[in-house]
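Chain by chain, the residues run as shown.
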Amino acid sequence: ELMEQNCDVTVLEKNSDLGGLWNYGSDYASVTPTTWATSSKAYLQFSDFPMGKDMADFPLATDYVKYLRRYADHFKVYPHVKFQHEVLRVTKDGAKWQVLFRNKADEISHTQMFDGVLVCTGVHSTPALPKWPGSDGFKGEIIHSSHVNGYDAFAGKRVLVIGGGESGADSVHELSTQAKELYLSLRKGVAITRTWKPCGKRPADFDATRAKLWLPRQFLHDLNVDCRLDDRHCTFKTLHHLMQVPVLPIMFLLYPAKAMKTICTLLNPRAWLALVLPRKRFGPPDGVLLARGVEDYIKKSEHMTGSFEEKAWKLKLVFDWFSGAGQNSQPLTKRIHWMSDILAGRCRVVPGIQHSEGKQIKFDDGTTREIDVVLCCTGFKGSFPFLENPDQDARDLYKYVFMTHGDHTIGFCGIVRPNIGSLPVLGEMQARWFAKVFTGAAKLPPADVLRATAAEDKCMHIQSRPLISNRLGHIVD
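Bear in mind the structure is a predicted one, so any value in this text is a computation, not a measurement.

A. Quick peek at the nonpolar core. One finds F319 and I342 to be the most contacted residues of the largest nonpolar core, which totals 34 residues. Among the elements that make up this core, the one with the highest residue count is helix α9 (residues 287–301) (five residues). One finds F101, Y400, F412 and V416 within the second-largest nonpolar core, a separate group that totals 21 residues.

B. Quick peek at the sheet that holds strand β4 (residues 96–103). Strand order in the open sheet made by the three strands is β3-β4-β5, with antiparallel pairing throughout. Edge strands, defined here as strands with exactly one partner in the open sheet, are β3 (85–93) and β5 (108–114). In this sheet, neighbouring strand axes are inclined to one another by 20° on average, regardless of whether the strands run parallel or antiparallel.

C. Layout of the packing of helix α5 (residues 235–242) against helix α7 (residues 256–267). At a minimum axis separation of 10 Å, α5 and α7 run at an interaxial angle of 125°. Here α7 runs oblique to α5, going by the angle between their axes. Handedness of the α5/α7 crossing: left-handed. Of α7, the residues touching α5 (which contributes K237, T238, H241 and L242) are T262, T265 and L266.

D. Representation of the pairing of strand β10 (residues 181–185) in the model. Here β10 lies mainly inside the structure; four of its five residues are buried. Strand direction decides the pairing type here: strand β9 (residues 158–162) and β10, joined by five bridges, are parallel. Its bridge partner lying in β10, V159 is registered against L182. For the crossover that starts at β9, traverses helix α3 (residues 166–175) and ends in the parallel β10, the hand is right-handed. Summarising the sheet, β10 and strand β13 (residues 348–350) pair through three bridges and their orientation is parallel. When the bridges of β13 are listed, S185 appears paired with V350.

E. Examining the packing of aromatic side chains more closely. Inspection of every chain in the model, using the stated rule, returns 18 aromatic pairs. Consider the rings of Y64 and Y67, whose centres lie 5.9 Å apart with planes at 20°: the pair is stacked. Linking Y64 with Y67, this pair stays in helix α2 (residues 61–74), spanning three residues, or about one helical turn. As far as the burial class goes, Y64 and Y67 line up, both buried. Between Y398 and W433, the ring centres sit 5.9 Å apart and the planes meet at 55°, which makes this aromatic pair tilted. With Y398 in the loop between β18 (380–381) and β19 (410–412) and W433 in helix α12 (residues 423–439), this residue pair connects regions lying 35 residues apart in the sequence. Given the relative accessible area of 11%, Y398 is considered buried. Each residue in the set W22, F46, F49, Y64, Y67, Y71 and F75 is aromatic and connected to the rest through ring pairs, giving one cluster.

What counts, and where the lines are drawn
- Residues numbered from 1 in each chain as written.
- Predicted model: local features only at pLDDT ≥ 70, side-chain atom pairs only at ≥ 80, totals over all residues.
- Heavy atoms only, no water.
- Core = buried A, V, L, I, M, F, W, Y, C linked by side-chain atoms within 4.5 Å.
- Buried < 20%, exposed > 50% of the residue type's maximum accessible area, 1.4 Å probe, protein only.
- Helix = DSSP H or I, 4+ residues; strand = E, 2+ residues; numbered from the N terminus.
- Pairing = 2+ DSSP bridges.
- Axes fitted to C-alpha atoms, helices over the stretch in contact; angles between N-to-C directions.
- Parallel < 35°, antiparallel > 145°, perpendicular 65-115°, else oblique.
- Left-handed = near helix turned anticlockwise from the far one by under 90°.
- Contact = heavy atoms within 4.5 Å.
- Right-handed = clockwise from strand over helix to strand, strands pointing away.
- Phe/Tyr/Trp six-rings, centres within 6.5 Å; stacked < 30°, edge-to-face > 60°.

Below you can see the structure in the form of structure tokens.
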């Protein structure tokens, strides 16, 4: 985007190649060898460089890095990149920016002046490792998921996975056939969704649209949870089906199964009671209750009708319930395969860690397990050690890009992550906006408006995500 605005661009990259976290085997934090994207290629590709039909809908990390390299080749980005150059400090010097960086090849530091700076280091650079009483004296191994070089090393060991995001889900699935004993530790439930539509023919994120965000957030929860379950009813679901009545004849011609579902719903007395009866959308954020709920569900599932896959899908409702928030007020784990591993007994859910001694770990429900390896799938900390404010909060920026003092010569790109969608699409729009503002093709509002808007957006972020806002301030709609 900056090159298209005729800017002379220099990229300082401390790694030896493109790809960042996606670049497995790099010198820094990276994905695991079997990682595949949680967003479909529609949200991973850049608008001016489609991936093509030969790319899987959810690419492997290795395939995605190849795509990035093809993009860099096609648009002649490589000549502008200085690999193995680590930025040490960025300071304002008059109207310009002084950048101190080190060439890792010869360990010699250099200083260069620039007219502007765009920070594109993302939020996945510094692994976040949990601490608990006794963790420093733990006699087993503690490893972050970004440092896993393969799951064979866990064979025959007693493994505890901490975290219920995509890396946690993938690790549970991979380790379920490797570990001697496998446990998943969660302090609360997590919101889980599919990567594919139930028909299995279309990625689920194809339904993502900003239009849905016009709905009240509780209705978004109902749309994504209750509307997809035949035995759940709520106000929004009843109204949703009522709105379909005028077009029922057309639905019978095009989608007869959906038309019958609408009729059956409206004939159910519970659908009408849902209009007047109070209801809870979620329970308490409690890891102990979650572990018990999962165990109870597994026992009950032995007497349930339906396929194993259907039972595994409904197990996710237990995780949803004890997450303590609506589905659209927290990060979504876009994986479902690990529910099958838990339902089959290959992994046991346990609460948060109370303390450890030696290899013995005691959990919040009082149970104790002997663990050889603690695998921390606990995400990353956003940090900018080269800036004057190394702990820059994305929520304090104007639209997550510009500082609010009105200086348009420094910006941030890709330091927030959409709940549905992906960083590349968001990053492309942010980069285009910064390039236009930097070159004068677009203007920012006055500094007082920047500050007021950022404060308003941050307040809304906290109100809509009370459980996770301060810990995961980079998650946006």
